[in-house]
Amino acid sequence: MILTQLPAAFQEAKPIIETIEAAGFEAYFVGGCVRDTILGKPLHDVDIATSAFPAEVKQLFKRTVDTGIEHGTVMILDHGNGYETTTFRTESGYQDFRRPDQVTFVRSLKEDLKRRDFTINALAMTAKGEVIDLFDGLADLKRGVLRAVGVAEERFHEDALRMMRAVRFASQLDFAIEPQTQQAITDNAALLTKIAVERTRVEWEKLLMGQHPDAGLKSLLTTGLYQYMPMMAAQKPMLQQLLALPDWHLSTIESVWTLLSWQMQLRDASAIRHLLKTWKTSNELISHVTAAVNALNALERSGRLTSEENFYTGLDALTTANQVATILGFGQDQAQLAQSYASLPIHDKHELAVNGGDLLKAKLVTPGPMMGSILATCLQAVITGKVENQQDALLDFARMVADSKNH
Ligand SMILES: Nc1ccn([C@@H]2O[C@H](COP(=O)(O)OP(=O)(O)OP(=O)(O)O)[C@@H](O)[C@H]2O)c(=O)n1
Ligand SMILES: [Mg+2]
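Residues numbered from 1 in each chain as written. Chains lettered and ligands numbered in written order. Predicted model: local features only at pLDDT ≥ 70, side-chain atom pairs only at ≥ 80, totals over all residues. Heavy atoms only, no water.

## Describing the UniProt feature "domain: Poly A polymerase head" (unreviewed entry) in the protein chain
Here's step 1: Under the UniProt annotation, "domain: Poly A polymerase head" (unreviewed entry) lies at residues 27–147.
Here's step 2: Secondary structure within residues 27–147 divides into 21% helix and 33% strand; the distance between the first and last C-alpha atoms comes to 25 Å. (UniProt positions renumbered as here; feature names shortened; annotations may be inferred. Helix = DSSP H or I, 4+ residues; strand = E, 2+ residues; numbered from the N terminus.)

## Describing the packing of aromatic side chains
Here's step 1: One pass over the full model with this rule turns up eight aromatic pairs.
Here's step 2: Geometrically, the ring pair formed by Y28 and F88 is stacked, given 6.3 Å between the ring centres and 25 degrees between the ring planes. Of this pair, Y28 sits in strand β1 (residues 27–30) while F88 sits in the loop between β5 (81–87) and β6 (89–92), and the two are 60 residues apart along the sequence. In terms of burial, Y28 and F88 fall into one category: buried.
Here's step 3: Here the aromatic residues F118, F156 and F169 are joined through ring pairs into a cluster of three or more.
Here's step 4: For R168, the ring lying beneath its charged end belongs to F169, and the centroid distance is 4.2 Å. (Phe/Tyr/Trp six-rings, centres within 6.5 Å; stacked < 30°, edge-to-face > 60°. Buried < 20%, exposed > 50% of the residue type's maximum accessible area, 1.4 Å probe, protein only. Lys NZ or Arg CZ within 6 Å of the ring centre and 35° of its normal.)

## So, the site of ligand 1
Here's step 1: Around ligand 1, the surrounding shell holds 13 residues, and the nearest of these are R35, D117, N121, R162 and R168.
Here's step 2: The side chain of R116 places a nitrogen or oxygen atom 3.0 Å from an oxygen atom of ligand 1.
Here's step 3: D117 is positioned with one of its backbone polar atoms (N or O) 2.8 Å from an oxygen atom of ligand 1.
Here's step 4: When isolated, ligand 1 has an accessible area of 560 Å², and the protein chains bury 79% of it.
Here's step 5: Secondary structure elements with two or more residues in the shell around ligand 1: α2 (32–38) and α7 (161–173).
Here's step 6: In terms of residue class, the shell around ligand 1 is built from one nonpolar, four polar and eight charged.
Here's step 7: There are two domains that each give the shell around ligand 1 at least three residues, and those are domain 1 (1–143) and domain 2 (149–247). (Near = heavy atom within 4 Å. Polar contact = N/O pair within 3.5 Å; in protein donor to acceptor, adjacent residues only side chain to side chain. Areas by Shrake-Rupley, 256 points an atom, 1.4 Å probe, with all protein chains shown as cover. Nonpolar A, V, L, I, M, F, W, Y, C, P; charged D, E, K, R; others polar. Domains from an automatic or database assignment.)

## Examining the domain arrangement of the protein chain
Here's step 1: When cut into domains, the protein chain gives domain 1 (1–143), domain 2 (149–247), domain 3 (250–344) and domain 4 (351–406).
Here's step 2: Relative to domain 3, the C-alpha centre of domain 2 lies at a distance of 26 Å.
Here's step 3: Buried surface at the junction of domain 2 and domain 3, both sides included, amounts to about 1,700 Å², of which 75% is carbon and sulfur.
Here's step 4: For the domain 2 face of the interface with domain 3, the top three residues by lost area are R201, M209 and M231, together amounting to 32%.
Here's step 5: Between the two partners, domain 2 and domain 3, sit zero salt bridges. (Buried area = accessible area lost by both parts, 1.4 Å probe. Salt bridge = Lys/Arg side-chain N within 4 Å of Asp/Glu carboxyl O.)

## Points about the pairing of strand β2 (residues 47–50)
Here's step 1: Inspection of the sheet shows β1 paired to β2 by four bridges, in the antiparallel sense. In the sheet register, V30 faces β2, and the bridge partner there is D47.
Here's step 2: Pairing geometry for β2 and β5, over four bridges, is parallel. Within β5, the position partnered with T50 by the bridge is T87. (Pairing = 2+ DSSP bridges.)

## Some remarks on the sheet that holds strand β3 (residues 64–68)
Here's step 1: Strand order in the open sheet formed by seven strands is β3-β4-β5-β2-β1-β8-β9, with mixed pairing between adjacent strands. One side of each edge strand has no neighbouring strand; the edge strands of this open sheet are β3 and β9 (131–132).

## With respect to the nonpolar core
Here's step 1: One finds F29, W204, L208, L242 and W257 to be the most contacted residues of the largest nonpolar core, which totals 118 residues.
Here's step 2: For this core, the element with the highest residue contribution is helix α14 (residues 283–302), accounting for ten residues.
Here's step 3: Once residues lying within four places of it in the same chain are set aside, the contact partners of W204 are M164, L217, L220, M229, M232, L239, W257, L260 and W279. (Core = buried A, V, L, I, M, F, W, Y, C linked by side-chain atoms within 4.5 Å. Contact = heavy atoms within 4.5 Å.)

## A few points about the UniProt feature "domain: CCA-adding enzyme C-terminal" (unreviewed entry) in the protein chain
Here's step 1: Look at the UniProt record and you will see "domain: CCA-adding enzyme C-terminal" (unreviewed entry) annotated at residues 249–398.
Here's step 2: Note that residues 249–398 is 67% helix and 0% strand, and that its end C-alpha atoms are spaced 47 Å apart.

## Comments concerning α7
Here's step 1: Spanning 13 residues, α7 covers 18 Å between terminal C-alpha atoms, matching the ideal 18 Å at 1.5 Å per step.
Here's step 2: In terms of burial, α7 is a largely internal element, eleven of the 13 residues being buried.
Here's step 3: The complete set of buried residues in α7 reads L161, R162, M163, M164, A166, V167, R168, F169, A170, S171 and L173.
Here's step 4: Backbone geometry just downstream of α7 places D174 in the positive-phi region, at approximately 60 degrees. (Expected span 1.5 Å × (residues − 1).)

## Some points on the pairing of strand β4 (residues 73–78)
Here's step 1: Two strands pair when backbone bridges link them, and β3 and β4 are joined in this way by three bridges, in the antiparallel orientation. Paired with T64 across the two strands is I76, which belongs to β4.
Here's step 2: The hairpin turn running from β3 into β4, its antiparallel successor, is four residues long, and G72 in that turn takes a positive phi close to 95 degrees.
Here's step 3: Bridge analysis of β4 against β5 gives six bridges, and the strand direction is antiparallel. Within the sheet, the bridge partner assigned to V74 lies in β5 and is T85.
Here's step 4: The hairpin turn running from β4 into β5, its antiparallel successor, is two residues long, and H79 in that turn takes a positive phi close to 45 degrees.

Pasting the structure below:
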């Protein structure tokens, strides 16, 4: 197979391969970029594999960065782009089911391709667009099949994360996992616990954001792999419920975790925090999801949000909540939701037209807890439209509040 219309990213990278070839070595595009091009999907990175050893690659280019030199990867910088270029290698050892004990650089493309995970990821392509297909990856791409290269169990022992990658690709590509590959996942699922949570998380998020999450979820359930994902062992009914939801699509990581929290019945801050801490997400994500789940609670309860709920949720988490609410069948019109948020008198407490200093100057309070309490009442009054966000009006209101608190 020769691909004639190569995407721009390949055109830009072509001179890199040609430079390596001119020095007497082999170099190819490899991995996901070849697979995605044949599928007509957009590319996110272009990876190059070469028979040149890292030191030889570095001699050929002016600007390189040692991004993973010990396993053969050098980044070549060219016209503002960076190309990860990895020397053909074989691996051995894998005592920890995560990474090889030893990497050996070799000069043979075939040796390099045969240690890769799936046939559709073991394709290589020359600078001219000729696809090199040593493991029948093209046929599998065409039929929509995920098949491990060689003996599936060996591939999963080399890196147990590949089992998660299989179910993730099933979701992204709507591919079926070939029976022997699926059996090997079923037999080795427990090895997933050897993998760093962060790596498993990335695959789980990609699965749920895929175009066919039902395909990925089905594979997770049939292989039992879900039992070895953090906090998922007892979640079979939850996963089945997800599967039963009519056609859904999640476009952000925030909505992934909001939907999961909701389906797992985790509705308060500490329960959500426990889930997300276990999965080692960022604190920012925890705040976002907590706000979005709060908004979902309100949407489910009353079909709308109060001004204060709008204010404290913020537009980003509101959007997340509404994406999830739509999947669950109680979504609102997004434009209307954004409009009611936009029409709030203020969007941040720092926009309040009085602050503590103003209250002191007007001799309404002395420093202390009373001041915070009065400011909070002012903020609430502005958000709910009771008082205009205007200093004089707020000082009058604050005086009234202070009086009532003093008596
Ligand atoms: N556990 C892994 C990870 C990667 N690879 C190989 O390295 C390539 C590049 O890996 P990566 O970029 O992580 O995955 P992609 O297949 O490119 O998928 P994505 O679209 O997510 O980048 C893969 O195609 C595959 O050949 C592998 O064999 N085993
Ligand atoms: Mg990739």
